[in-house]
Amino acid sequence: MGAFTVLVKLAGAAKVVVSAHLFGAGDALDAFLIAFVIPSFLGDVLAGSLLASVIPTLIEVREKQGEQAAHQLYSSILIAALTMLLTVAIVAALASGMIVHLLGSGFSAEKARLTQMLFLSMTPVIPLSGISMTWRAVLNSKEKFAAAAGVPVMTPLISIALLVAAGHALGVFSLAFGATLGTLTEVGFLAAALRMHGIRMAPVRPRWSQPVRQVLTQYTPMAVGSIMLSGSNMIDQTMAAMLAAGSVSALNFGTRVTGVLVAVGPTALSTAILPRFSRMTALDDWPGLRRAVKRYALLSLALSIPITALCMYFSEPIVKIIFQRGAFRMSDTHLVARVQFWSLLLVPISMLLALVVRLVSSLKANDLLLRMAVLSMAANVTLDYVLMRRMGVAGIALATPLVALLSLMFLSYLLSRRVKMPVSAAY
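This report concerns the structure included in the present document. (Residues numbered from 1 in each chain as written. Predicted model: local features only at pLDDT ≥ 70, side-chain atom pairs only at ≥ 80, totals over all residues. Heavy atoms only, no water.)

**Re the overall build of the chain**
Looking only at helices and strands, the chain has 18 helices and zero strands in total. In terms of overall dimensions, the chain has C-alpha extents of about 60 × 40 × 35 Å along its principal axes. Summed over its atoms, the accessible surface of the chain is roughly 18100 Å², and 69% of this surface lies on carbon and sulfur atoms. Seen as two clouds, the 33 positive and the 16 negative side-chain charges of the chain have centres 6 Å apart. (Helix = DSSP H or I, 4+ residues; strand = E, 2+ residues; numbered from the N terminus. Areas by Shrake-Rupley, 256 points an atom, 1.4 Å probe, with all protein chains shown as cover. Lys, Arg positive; Asp, Glu negative; His and termini not counted. Charge placed at Lys NZ, Arg CZ, Asp CG, Glu CD.)

**Considering the packing of helix 2 (residues 27-65) against helix 5 (residues 109-121)**
Where helix 2 contacts helix 5, the axes come no closer than 8 Å and their chain directions differ by 45°. Comparing the axis directions of helix 2 and helix 5 gives the class oblique. For helix 2 against helix 5, the interelement crossing comes out right-handed. From helix 2, D27, A28, D30, A31, F32, I34, A35, I38 and P39 reach across to helix 5, where they touch K111, L114, T115, L118 and F119. By residue class, the composition of the contact of helix 2 with helix 5 is ten nonpolar, one polar and three charged. (Axes fitted to C-alpha atoms, helices over the stretch in contact; angles between N-to-C directions. Parallel < 35°, antiparallel > 145°, perpendicular 65-115°, else oblique. Left-handed = near helix turned anticlockwise from the far one by under 90°. Contact = heavy atoms within 4.5 Å. Nonpolar A, V, L, I, M, F, W, Y, C, P; charged D, E, K, R; others polar.)

**Examining the nonpolar core**
Counting 120 residues, the largest nonpolar core has F32, L118, W135, F277 and L411 as the members making the most contacts within it. No other element matches the 21 residues that helix 2 contributes to this core. Not counting residues up to four positions away in its chain, the partners in contact with L118 are A31, F32, A35, V172, F173 and A176. (Core = buried A, V, L, I, M, F, W, Y, C linked by side-chain atoms within 4.5 Å. Buried < 20%, exposed > 50% of the residue type's maximum accessible area, 1.4 Å probe, protein only.)

**Concerning the environment of S315**
Relative to the elements of secondary structure, S315 occurs in helix 14 (residues 315-323). As a C-alpha pair, S315 and I199 span 116 residues in sequence and 45 Å in three-dimensional space. In this structure, S315 is in contact with A337, Q340 and F341, ignoring residues within four places of it in sequence.

**Digging into the layout of surface pockets**
Its boundaries defined by the atoms lining it, the second largest pocket holds a volume of some 150 Å³. Around the second largest pocket, the lining residues are L58, R62, E67, A70, H71, Y74, V138, K142, H197, G198, I199 and R200. Those elements that provide at least two residues to the lining of the second largest pocket are helix 2 and helix 3 (67-94). Broken down by element, the lining of the second largest pocket gets its largest block of residues, four residues, from helix 3. (1 Å grid on protein atoms, 1.4 Å probe; cavity = no way out; pocket = protein on both sides within 12 Å on 5 of 7 lines; lining within 4 Å. Points joined across faces, edges and corners; volume = space filled by probe spheres on them.)

**A few points about the packing of aromatic side chains**
The full count for this structure, using the stated rule, is five aromatic pairs. Taking 5.6 Å as the distance between ring centres and 15° as the angle between the ring planes, the aromatic pair formed by F32 and F36 counts as stacked. Remark: F36 and F32 occur in helix 2; sequence separation between them is four residues, near one turn of the helix. Residue F32 is classed as buried on the basis of its relative accessible area, which comes to 5%. With a relative accessible area of 29%, F36 lands in the partly exposed category. (Phe/Tyr/Trp six-rings, centres within 6.5 Å; stacked < 30°, edge-to-face > 60°.)

**Looking at the side chain of K15**
Tracing the backbone shows K15 in helix 1 (residues 2-23). Setting aside anything within four residues of it in sequence, one finds K15 in contact with P156, S159, I160, L163 and L175.

**As for the side chain of S19**
Mapped onto the elements, S19 comes out in helix 1. Polar contacts involving the side chain of S19 include one to the main-chain carbonyl oxygen of K15, which spans 2.8 Å. (Polar contact = N/O pair within 3.5 Å; in protein donor to acceptor, adjacent residues only side chain to side chain.)

Shown next, in the form of structure tokens:
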């Protein structure tokens, strides 16, 4: 998971470097980033919630009822997810003007029109994400992580190809077309991976069974909570749009290194451990689960803290090496390095938060995530507003790790109360 995630993030970083060279930290890239927030937010959150909701129940059904029952569950979830996300995509497209007006409140009329056109060209990403995430859940439930982890490299690679071949002709639309075509290509590669591993792909007639109800019971609070948690990115970029021109781009550039580290560490770890945690809970292996959580937590901190400190110390040289060329000026480097410095504090906190969130999902206690999300969203808005008034766009970057720390503490408290009785009974 970590190795393939590094590859995907390196490709994503290369796309950002090429984008910075062509567009700098200006209005065109600001428009794309705000437009991309909408489909990526809806696709990643609504579809992404399927992973944590489906995998525990899918593993439990496969272990206790067999492959046929597991395929029936997969079919029902795939059809329901695709129907839901198609509806969401249509509604979002119809309301795109209003959405862009809310997210880009500081944009000029011309910049807002460009943002809306970019968003409409990326609308297919939303339903395609539903297929992609469902197939990834099936692969991950069988601990076939390579394809699910490596396939996302297609989107940045295709985007880079379009930027190089037609970046000057298409302008920022090359990024939008790359996102849509890349997601479609990912779906194709996942289909090939399912066939290669001998996994049935064609759905059967859906059935409203108890496992389906269990998934939906876990999905609803997970999705709502994820909307609120992932909405922090939307809130951050909306707040940045209220600041000087280029602030949205600076926030995006300044959080790229952090995004790579979070993906390589917390995201990869959480994806890999969810099937294992889910199998332990299905078998009532409470002592093993408790030992695993402690072991992963200590190892995560031992690895992440030194790496984070090193990256913070060399923040400005890192930005110079990665971004400072073409339209990206020295003044942009100073601002982005400051944003990056504070953003990096998120890495070790995210390692622990990822463990706790996956533990919650494996215990089928996703309702706790909704309660955490309410607190996190309120804290995010408050800290963004307070800190950006004092520190500008760097304050928005600092708010993110502070919110994550608060979320970790609150969710750990809720989880300790929820599992205290069964864990103590296991001992």
